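# Structural features, examined
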Amino acid sequence: MDKVILGKTGLEVNKNGFGALPIQRITKSEAVYLLQKAFYNGINYFDTARAYSDSEEKIGAAFEYTRDKIIISTKTAAQTGEEMWKDLEESLTKMKTDYIDIYQFHNPAFCPKPGDESGLYDAALEAKKQGKIRHIGITNHRIAVAQEAIDSGLYETLQFPFSYLAADADLKIVEACKDAGMGFIAMKGLSGGLIHNSVAAYAYMAQPQFAHVAPIWGVQRESELDEFLSYQVCPPQLDETLLKEIEEDKKQLSGDFCRGCGYCMPCPAGIEINNCARMSLMLRRAPQEGWLSEEWQDKMKKIEGCLHCGQCMKKCPYSLNTPELLAKNYEDYKTFFK
């Protein structure tokens, strides 16, 4: 099984990190079963967040008696030190543990530092001193914030979107983490569902130049878990067929497109932006029937009520013109019914 050392933390995780965002969509018993199956098949790293509703609670239920054998990272979206302490204590309670291995600031619009007005980093330092967290990390979707975090030398890990659709600027972030001795945790390895071949995604991450990259795969179904477990037993090779598929995907998904991260939400007009703004891609990269249902027709029609308030653009970490993307996707969507 491929192992990854998360930079200066010294933590050794396997190349199959378990992304626990999706388990908030299934029952507690289903989630516990998946989490424990992952653990008993060699997965030792589990990533969650305070913002993922009951995900932390399900992790606590699964690992109360095996806590010392796994590595847990969670996140706080707090804006102040006081809010961070509240989040931390709740995370500890929900996960039935007295420490968190990697405590991450969850996609902040700035890079928290000691002595700044937020008090976030100072609070994290105190929590580390008390033994409640072991390592301080940061997650982000913004190149500038990610680079600042690397340059600051304050963080032991960076969690950042990375897949074979990565742009040159993203690849530079991956390399910069390696040079700085920071652990690099790759989220959105399937690019929010736009990559549909997990074999290609896994094989790409397994290349020697990404030996320091620790992907976390979002898992909701046992079939998904089984896919990634099978790659531990029989690692896929990046052969000519997979390379050709990767190049075709890159051509199709070049330029500005919605990654589906959801940071633009909620929309005051009730538009499900993180899916509606990439509908054209989903229609061409997944079975169309589901996306053409009456439910999705109603959701897409809400684009007509866009307020052009600009809130989504301000919150988009990729600086996309979201109202324009929505309009283009809606016009394309309507052509499927002509």
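This text goes with the structure placed above it.
An account of the accompanying structure is given in this report. These numbers were taken from a predicted model, which means no experiment stands behind them.

About the cut-offs
Residues numbered from 1 in each chain as written. Predicted model: local features only at pLDDT ≥ 70, side-chain atom pairs only at ≥ 80, totals over all residues. Heavy atoms only, no water. Pairing = 2+ DSSP bridges. Helix = DSSP H or I, 4+ residues; strand = E, 2+ residues; numbered from the N terminus. Axes fitted to C-alpha atoms, helices over the stretch in contact; angles between N-to-C directions. Contact = heavy atoms within 4.5 Å. Buried < 20%, exposed > 50% of the residue type's maximum accessible area, 1.4 Å probe, protein only. Right-handed = clockwise from strand over helix to strand, strands pointing away. Salt bridge = Lys/Arg side-chain N within 4 Å of Asp/Glu carboxyl O. Arc of directions from axis to C-beta. Parallel < 35°, antiparallel > 145°, perpendicular 65-115°, else oblique. Left-handed = near helix turned anticlockwise from the far one by under 90°. Nonpolar A, V, L, I, M, F, W, Y, C, P; charged D, E, K, R; others polar. Core = buried A, V, L, I, M, F, W, Y, C linked by side-chain atoms within 4.5 Å.

## What to know about the sheet that holds strand 10 (residues 213-218)
Spatial ordering of the closed barrel is given by 3-4-5-6-7-8-9-10, a layout of 8 strands whose pairing is parallel. When the angles between neighbouring strand axes are averaged without regard to direction, this sheet yields 25°. Where strand 3 (residues 17-19) meets strand 4 (residues 45-47), 2 bridges bridge the pair, whose relative direction is parallel. Its bridge partner lying in strand 4, G19 is registered against D47. Strands in contact with helix 3 (residues 81-94) are strand 5 (71-76), strand 6 (100-106) and strand 7 (133-139); relative to strand 6, the strand with the most contacts, it is inclined by about 140°. Here helix 4 (residues 120-129) sits on the sheet and contacts strand 6 and strand 7; the angle it forms with strand 7, its principal contact strand, is near 155°.

## Some thoughts on the pairing of strand 9 (residues 183-187)
Successive side chains on a regular strand alternate, one facing one side of the sheet and the next facing the other. Of all the 5 residues making up strand 9, 5 are buried; the element is thus mostly covered by neighbouring parts of the structure. In strand 9, alternate side chains face the same way, and those of G183, I185 and M187 on one face and F184 and A186 on the other are all buried. Alignment of strand 8 (residues 157-161) against strand 9, held across 5 bridges, turns out to be parallel. The residue of strand 9 that forms the bridge with F160 is A186. This β-α-β element, strand 8 to helix 6 (residues 168-180) to strand 9, shows right-handed connectivity. As defined by bridge partners, strand 9 adjoins strand 10 across 3 bridges and the pair is classed as parallel.

## So, the pattern of salt bridges
According to the stated counting rule, one finds 22 salt bridges in the structure shown. Among the ionic pairs, K75 bridges to D47, the shortest N-O distance being 2.6 Å. Here K75 is found in strand 5, whereas its partner D47 is found in strand 4, with 28 residues between them in sequence. A relative accessible area of 1% places K75 in the buried class. Taken together, the shared-partner salt bridges in this structure form one network comprising K37, E222 and D226.

## Comments concerning helix 4
Among all positions in helix 4, only L120, Y121, A123, A124 and A127 are buried. The buried residues of helix 4 occupy an angular sector of 160° when projected down its axis, which confines them to one face. Packing partners of the buried residues in helix 4 comprise helix 3, strand 6 and strand 7.

## With respect to the packing of helix 1 (residues 28-40) against helix 2 (residues 55-63)
Axis separation between helix 1 and helix 2 bottoms out at 9 Å; the angle between their running directions is 55°. As judged from the angle between their axes, helix 1 and helix 2 are oblique. Seen along the crossing, helix 1 lies across helix 2 with a hand that is right-handed. Touching K28, A31, V32, L35, Q36 and F39 of helix 1 are E57, K58, I59, A61, A62 and F63, all from helix 2. Here the residues of the contact of helix 1 with helix 2 are counted per class, giving 8 nonpolar, 1 polar and 3 charged.

## A closer look at the nonpolar core
Counting 95 residues, the largest nonpolar core has F18, M84, L158, F162 and F184 as its most contacted members. V4, Y45, I102 and I216 belong to the second largest nonpolar core, which has 11 residues in total.

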